[in-house]
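Listed below, chain by chain, are the residues.
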Amino acid sequence: MTQLSDLDREIAESRDRVLAAGRALLTFYEPAAGAFIRDTVATTGGAGTPPVIGKTSTCRAHIALVELYRLLVEYDRPASHTVSDTGVLRDEVSAVLRDLTERHLAALPSDPALVRESASNGYNMFTDAQVLLSSVLRQTTRPLTGVGGDVSEAVLSLWRETEQNLRAWEGGRITAGDQTHDFITLHAVRAGDALGLARAEPQQWWPDLGVRIRRSILVQLGRHSAGITSQFDPAELAFSVALLHRFKLPDYRPLTDRSLVVIAEEQTADGSWPTSRLISYGGPQQLFVASFEVALTLAELLISRLDRGEHGNVDPLLGVLRKTLQLVDNTFMRVGARAGWCNDRARSPGRLESWATAVVLLFLIRYHDALVRLRQERVLLGYEVAAGHRRDIPWPDLALPLGVLTAPDPSHLERISDPTDDGTLSAAIRRHFVEPIVTHPVQRPSATSLLLPGPPGTRKTSLVQLVAKALDWPLLTLTPSDFLRRDNRGFPDVALDDVLNDLMRLRRVVILIAQCEDALRRPRGAGSLSGRNLATGLLSRLNQLRRNQWVLIFAAPNETRDNLDPAATRADRFDFIQEMHNPPLTAQRRYFRSRMPQAAAQTVLERALSDYAGRVRANHDLARTEVTFALLDQLMSRIRADESLLERGQLPRLIEELARPGPPTLPNGD
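Because the structure is a prediction, the values reported are computed rather than measured.

### Quick word on helix α16 (residues 425–439)
Phase 1 of the analysis: Across its 15 residues, α16 extends 20 Å between first and last C-alpha, which sits within 8% of the 21 Å expected from 1.5 Å per residue.
Phase 2 of the analysis: Where the residues of α16 are buried, they touch β6 (449–451), α17 (460–471), β9 (551–556) and β10 (576–577).

Set out below in structure tokens:
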């Protein structure tokens, strides 16, 4: 199993590769045309004439640049006021995306040929699939890029045409005279699914398509098993398996596992795959599948498998992708002002392609994202975690740009047990923590931390649980045992460093630091957990986590604010502090009225609670405890079970009984 430290290193290296590939892709952009040139060789009319604009290449570049822009935003430090290398590149990418969005893609309704008609293959399904996905991202990434437009009727009409051909041909083809090729099928299906998700109308696929794909996989595996190498195509097998995984036919897991083993066996030492069959025989230009396309599909498949919790073959699949990195590193070239890659099936002197360069960039981004996901999963395995709702997203690699990464539901906050007199706690949590995340294009927090002091039973933990549900984020709970079990021979700083390093690797997670009163209480001697060393170390490390701005941190000591160490309540320690206490009468009234709609019951219950509060105040009766939310729940439960409690003054006696400290006395019985 790959170690976390190795994943850290690989993620950093993959980030650097992504930045280099992004800069290379930008060298193919022609501002005058508002589009990308196809390659460094083809011209419109011989030497000295303008280069050919690639319609397919422009859309593939747009898709890759959208993902690059998203990654650059993720690596930005929101509080930083310095200009970084990623910031400069982000500005360059932003300008090109604006140009593509407002000029090239916006022309689809008025001049479809400008966007769709390929110079080499005319109107074809593959180019249309790229146009469709670009058009969808043009709408869904508007909050991210600041530019875009709604999906037009021209886009919907284009999808209807594509879907009709998919049905008629049982998959994707460049021309009607070609054989079906699942490289084309894959891109058309991804585009259709993206459009469905963007419109909140999931695409309904006909069963025969999945059956045909499964049959194709069985044929390929049979040829491989029989040693019929002349007809075996590992590249197309990869595309078919990605589709099978999306459609989840009953035996897709064993077929996927076996196919991945075969694909890995067929990869050559330099990271490429044997030449696959032509995509098209009927067009004027022969089309070959690049090894980069296979690696991109496998990286997307890895993300899908991690998203479903399928961890078989993860490390072997990573090994395949690492070998492709060698191919990426060894085939990078420069030709004049252009830089990038060429299809490894169609190399020629001085030839670089924007299409191949966009695919390499997208592969590197997907590889980076897969590593980040894998690292997060392995960190979470070491802690107590309540997972967020696992959504069935057809292509999880597209989830964030499509706006469907999570399913936030702020209505969960309405269930917060609010002890404040004015009842504004839920609204404050929504305004300062939930809404900034939900509206941020990569779901990044603004305020990141809240200190919740208060005695046990004041619903601190349930508040944090509801915030995690509202965001649809995992909830990681830290307790003193997490530090003690990692303590290295009595050195608490080592244990703290281990835990903090883990937390710094996380994204979009709610962290609850529970039972931390020993670390945050006013100094009264050495105390437990190595006394003040832990308190000082914990608070300083929490500042690092806050500045990272990827998680929400809630510290919930079972102690009142007055008894906390002043170092813990300094303005620079937490973004906010909210003392949690047992509800006063106004909060009690608000709580039971929201849960018990019967007016008569409300009146009787309010009178009984008011009388109880008055007796406690008048008598200073220490034998009676304050009314808690749990006590209110018990009262309402008993009333629902026996409405006669509302009569003959029985409620005051029941409140006295429930408020008595400790467990109830064992009743006499036969």
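Okay, back to it.
### Digging into the packing of helix α11 (residues 252–266) against helix α12 (residues 291–307)
Phase 1 of the analysis: Where α11 meets α12, the closest approach of the two axes is 13 Å, and the angle between their N-to-C directions is 145°. The chirality of how α11 crosses α12 is left-handed. Residues T256, D257, L260 and I263 of α11 lie in contact with α12, whose contacting residues are L298, L301 and R305.
Phase 2 of the analysis: Grouping the constituent residues of the contact of α11 with α12 by class yields four nonpolar, one polar and two charged.

### Some thoughts on unusual backbone geometry
Phase 1 of the analysis: If you check the backbone angles, Q443 has positive phi at about 55° while not being a glycine.
Phase 2 of the analysis: On the accessibility criterion, Q443 (11% relative accessible area) is buried.
Phase 3 of the analysis: The backbone of R459 shows a phi angle near 65°, a positive value even though the residue is not glycine.
Phase 4 of the analysis: For R459, a relative accessible area of 21% puts it in the partly exposed group.

### Focus on the pairing of strand β7 (residues 475–478)
Phase 1 of the analysis: Neither face of β7 is left uncovered, since the one carrying L475 and T477 and the one carrying L476 and L478 both have all their residues buried.
Phase 2 of the analysis: Direction of pairing for strand β5 (residues 384–386) relative to β7: antiparallel, over a ladder of three bridges. Within β7, the residue paired with E384 across the bridge is T477.
Phase 3 of the analysis: Pairing of β7 with strand β8 (residues 509–514), which is carried by four bridges, proceeds in the parallel orientation. By the bridge assignment for β8, T477 is matched with L512.

### Considering the side chain of T141
Phase 1 of the analysis: Within the secondary structure, T141 is located in the loop between α5 (125–140) and α6 (142–145).
Phase 2 of the analysis: For T141, a relative accessible area of 4% puts it in the buried group.
Phase 3 of the analysis: Reaching out from T141, the side chain makes a polar contact with the backbone oxygen of L137 at a distance of 2.4 Å.
Phase 4 of the analysis: If we skip the residues at most four places from it in the chain, T141 touches V66, G146 and P401.

### Quick word on the nonpolar core
One broad trend across soluble globular proteins is that nonpolar side chains are buried collectively.
Phase 1 of the analysis: Counting 128 residues, the largest nonpolar core has F36, L65, V93, L298, L361 and F363 as the members making the most contacts within it.
Phase 2 of the analysis: Here L298 is in contact with A238, L260, I263, W273, L317, V320 and L321, once residues within four sequence places are set aside.
Phase 3 of the analysis: Listed in part, the 28 residues of the second largest apolar core include V379, L451, L496 and V509.

### Re the environment of E656
Phase 1 of the analysis: Structurally, E656 is set in helix α25 (residues 650–659).
Phase 2 of the analysis: Once the C-alpha coordinates of E656 and T625 are considered, the two residues, 31 residues apart in sequence, prove to be 9.2 Å apart.
Phase 3 of the analysis: Within the local environment of E656, its side chain forms a polar contact with the side chain of R615, the two groups lying 2.8 Å apart.

Cut-offs applied
- Residues numbered from 1 in each chain as written.
- Predicted model: local features only at pLDDT ≥ 70, side-chain atom pairs only at ≥ 80, totals over all residues.
- Heavy atoms only, no water.
- Helix = DSSP H or I, 4+ residues; strand = E, 2+ residues; numbered from the N terminus.
- Expected span 1.5 Å × (residues − 1).
- Contact = heavy atoms within 4.5 Å.
- Axes fitted to C-alpha atoms, helices over the stretch in contact; angles between N-to-C directions.
- Left-handed = near helix turned anticlockwise from the far one by under 90°.
- Nonpolar A, V, L, I, M, F, W, Y, C, P; charged D, E, K, R; others polar.
- Buried < 20%, exposed > 50% of the residue type's maximum accessible area, 1.4 Å probe, protein only.
- Pairing = 2+ DSSP bridges.
- Polar contact = N/O pair within 3.5 Å; in protein donor to acceptor, adjacent residues only side chain to side chain.
- Core = buried A, V, L, I, M, F, W, Y, C linked by side-chain atoms within 4.5 Å.

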